Amino acid sequence: MGVFVQIAAHDVGRLSRLVAGCAGATAAAFGALHALDPGPAPALIPAGVALLLQVVPATGVRAGRLRAGAAVLLALAATGLGVAHLGSHPAAAVATALSGLALACLDLRVTRRSGGIAFRVADPLLLGAAIIALVTLVPRLFDAVASAGDGPESVLPAYLAGALLCLATGTILARPEAGPARVLDDSGPRAAVRRVAPALIAAPIVAALVSAFAQQSGVSRVTAAVSTGVILAALALLTLLGYLVRTLDDADQRQKHLAAELEERQDFAQTLLQSMNEAVMVLDANYRVIDVNRRWRELTGHDGLPAESPPLPPPGTGGDWLLPRADGTDVPVLATMAAIPDAAGATRGYVATYIDIAERKQAEVALTEHAAELERGNADLAAALAFKNDLTSMLTHDVAQPISSIASLAELLCADWADLPEDIRLELATKIDKNTRRLIKMMNDLQLLFRLDTGTVTARRVPVPLLEVVEAACGTAIGTGDIEIAIDEELSALADRGHLSVVVENLLKNALAHGAPPIHVRADRGGDGTVRLTVQDSGAGIPSALLPNLFGRFIHGSGLGLFIVRHLVEANGGTVRYEPAEPRGARLLVTLEAAPASA
């Protein structure tokens, strides 16, 4: 829209200068036609040419200066020709001289010291010339009653008055951007000029009508009537100009006061914006950044306004946001975006506010980590509590049973020693020994369990013959039963001998206690440099409900055997797993690294 307004203003300026050039040519033509008439008519020729030069565009700076200088010289020549006829034709001479001076001073302006409005010198000169021309032209609208040689024609010929009016109009249109029309708007002191303009225009017309009435009524001679009209018009204009000057001065003072108040408010608003602890960014309706405060520059690391606005939340919303910094990093902020409406309710801009929440985010992360640590601690405490409960249960059932049996058998043996036969004594002593060994084995398992929990078990791996370890474990297994061994004598595993012995013993004990004979113990070499030791029973297998925790600390009725097996095998770099046997039974497979063949 602004572009169309500028184009329209440019076209109007060109049309105005074209009309001014035509007015100058017309005035020069009138002067040429009446060059031989008495009076200042020949002055119209240089005046019209000067007006033409004022509106003809120049092709360069030098040409423009030459054209302006020539126009001023011709205007001064017209002024001189007008002044030369002051004695014979005073009204015509004054009007012509004023027109010439106006052309010479067309671009001359006077500015008040207080910095107020700049006045163009040519405007009052043109107004004076126009008044004289109007005062002499209006009476011609009525029938002449003056005697020959005593009418208005003797004061100012009609052609000369018309030419001067045409010249004045063209001079005003030659500079439309600086003439009287520029103040006919509704802004500031120009409103006063707009209100007074009709009176300024009406004053010379009224004076002309008064002079015409005086002439037609015969009250005075034509010269006196014209002079009376000029004087009345001059007085009216002086009164109006005085009122206008006073009004403009008052308006200028009010404008200065309002400007100072506006500047004070702007300073206060800027100080308020810069002193806010929150980072603030002000944008226009097109999201271009207008201003930012000190805190925003500190938060983002920018020295001035950013080239483009950062990512923004939708207007009327807010929440956690990431504000990009100048170094490429992001700072977490609490962002809000609000629209700034104008008087009609339309959005004229936006204001974005950012609150640094980096410390709060760090506190949240620390709190989250602490909560996770507490949860892990609670899980460890729960595991420890479960371990304690399981251990208490095991001690209550598994440990208490052999102790109770030992105590009863020992009491019976001591009380009835003399009455008991020798074979009964031996049987009771054997049962006490068996329960004692069972209790010792249980205590050793508990000690190993505590060491495994604290991570103090280390493996010293050496080549260990599997057949030798299995045969030794079968010799110590309680209730050996039917055990079939199929292991090559040359097959060895890289493991800790003591650990491997405990593993095999616990596997055999588990198979004998929970499975059924025959028990098959096999070992073979894998293709990936490992050996696999398999212990398989012929029982009903392990129920599916027990499989998820098969190698846990405590399985009801199974003690610590498989838990110890898993940890000792893993300590030696191996694995242990379960699979059902066909057609029935349970199979436990231990995989260990094979010892080198040379060993």
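Position numbers for residues start from 1 in each chain and track the written sequence from start to end. This being a predicted model, a pLDDT of at least 70 is required before a residue's local features are given, and a value of 80 or more before pairs of side-chain atoms are given or counted; all residues contribute to the totals for chains, interfaces and linings. The basis for every side-chain value is the complete set of heavy atoms in the structure, and neither hydrogens nor water enter the calculation.

### Here we look at the overall build of the chain
Part 1: What counts as a helix is a DSSP run of H or I of at least four residues, what counts as a strand is a run of E of at least two, and both are numbered from the N terminus. Broken down by element type, the chain carries 15 helices and 14 strands.
Part 2: Throughout this description, buried means an accessible area under 20% of the type-specific maximum (1.4 Å probe, protein chains only), exposed means over 50%, and partly exposed covers the range between. When burial is assessed residue by residue, the chain has 36% of its 599 residues classed as buried.
Part 3: Restricting the contact set of the chain to residue pairs at least 6 apart, pairs at least 24 apart contribute 61%.
Part 4: To be clear on the numbers: accessible area is Shrake-Rupley with a 1.4 Å probe, and residue cover counts the displayed protein chains and nothing else. Surface exposure of the chain reaches about 33300 Å², of which carbon and sulfur atoms provide 61%. Note on contacts: a residue pair qualifies if any of its non-hydrogen atoms lie within 4.5 Å across the two residues.

### Here we look at the packing of aromatic side chains
Part 1: Centres within 6.5 Å make a pair out of two Phe, Tyr or Trp rings, where for Trp the six-membered ring is used; the pair is then stacked when the planes are under 30 degrees apart, edge-to-face when over 60, and tilted otherwise. This structure, assessed with the given rule, holds one aromatic pair.
Part 2: Ring geometry for Tyr-287 against Tyr-350: centres 4.6 Å apart, planes inclined by 15 degrees, an arrangement best described as stacked. A residue pair is termed long-range when its members are at least 10 positions apart, and Tyr-287 in the loop between β3 (279-284) and β4 (289-292) and Tyr-350 in strand β7 (residues 347-356) qualify at 63 residues.
Part 3: Taking the ring centre of Trp-417 as reference, the NZ or CZ of Arg-425 above it sits at 4.4 Å. Here, a charge over a ring means that NZ of Lys or CZ of Arg falls within 6 Å of the ring centre while also lying within 35 degrees of the ring normal.

### Points about the packing of helix α3 (residues 61-83) against helix α4 (residues 90-104)
Part 1: Contact geometry for α3 and α4: axes closest at 7 Å, N-to-C directions at 165 degrees. In this view, α3 runs roughly antiparallel relative to α4, as classed from their interaxial angle. Crossing handedness for the pair α3 and α4: left-handed. Contacts from Val-72, Ala-75, Leu-76, Ala-78, Thr-79, Gly-82 and Val-83 of α3 reach α4 at Ala-93, Thr-96, Ala-97, Gly-100, Leu-101, Leu-103 and Ala-104.
Part 2: When grouped by side-chain class, the residues that make up the contact of α3 with α4 number 10 nonpolar, four polar and no charged. What counts as an axis is a line fitted to C-alpha atoms, over the stretch in contact for a helix, and the angles between N-to-C directions run from 0 to 180 degrees. Oblique is the label for every angle not falling under 35 degrees (roughly parallel), over 145 degrees (roughly antiparallel), or within 65 to 115 degrees (roughly perpendicular). Left-handed describes a crossing whose near helix is turned anticlockwise from the far helix through less than a right angle; right-handed describes the clockwise counterpart. Under this grouping Gly is polar, as are all residues other than the nonpolar Ala, Val, Leu, Ile, Met, Phe, Trp, Tyr, Cys and Pro and the charged Asp, Glu, Lys and Arg.

### With respect to the pattern of salt bridges
Part 1: One side-chain nitrogen of Lys or Arg within 4 Å of one carboxyl oxygen of Asp or Glu is enough to make a salt bridge. Under the criterion given, the structure shown has 19 salt bridges.
Part 2: Residues Asp-320 and Lys-361 are paired through a salt bridge, measuring 3.2 Å at the closest nitrogen-oxygen approach. With a gap of 41 residues between them, Asp-320 in strand β5 (residues 318-324) and Lys-361 in helix α11 (residues 358-415) connect regions that are remote in the sequence.
Part 3: The exposure class assigned to Lys-361 is partly exposed, which follows from its relative accessible area of 27%.
Part 4: Across the salt bridge formed by Asp-524 and Arg-532, the nearest N and O atoms sit 3.4 Å from each other.

### Examining unusual backbone geometry
Part 1: A cis amide bond, omega 0 degrees, links Pro-517 with the succeeding residue Pro-518.
Part 2: Mapped onto the elements, Pro-518 comes out in the loop between α14 (497-514) and β11 (519-525).
Part 3: In this structure, the amide linkage connecting Glu-582 to the following residue, Pro-583, adopts the cis form with an omega of 5 degrees.
Part 4: Position of Pro-583 relative to the elements: it lies in the loop between β13 (575-580) and β14 (586-593).
Part 5: Phi at Tyr-287 is positive, roughly 65 degrees, even though this residue is not glycine.
Part 6: For Tyr-287, a relative accessible area of 33% gives the class partly exposed.

Keep in mind that these numbers describe shape and distance, not what the molecule does.
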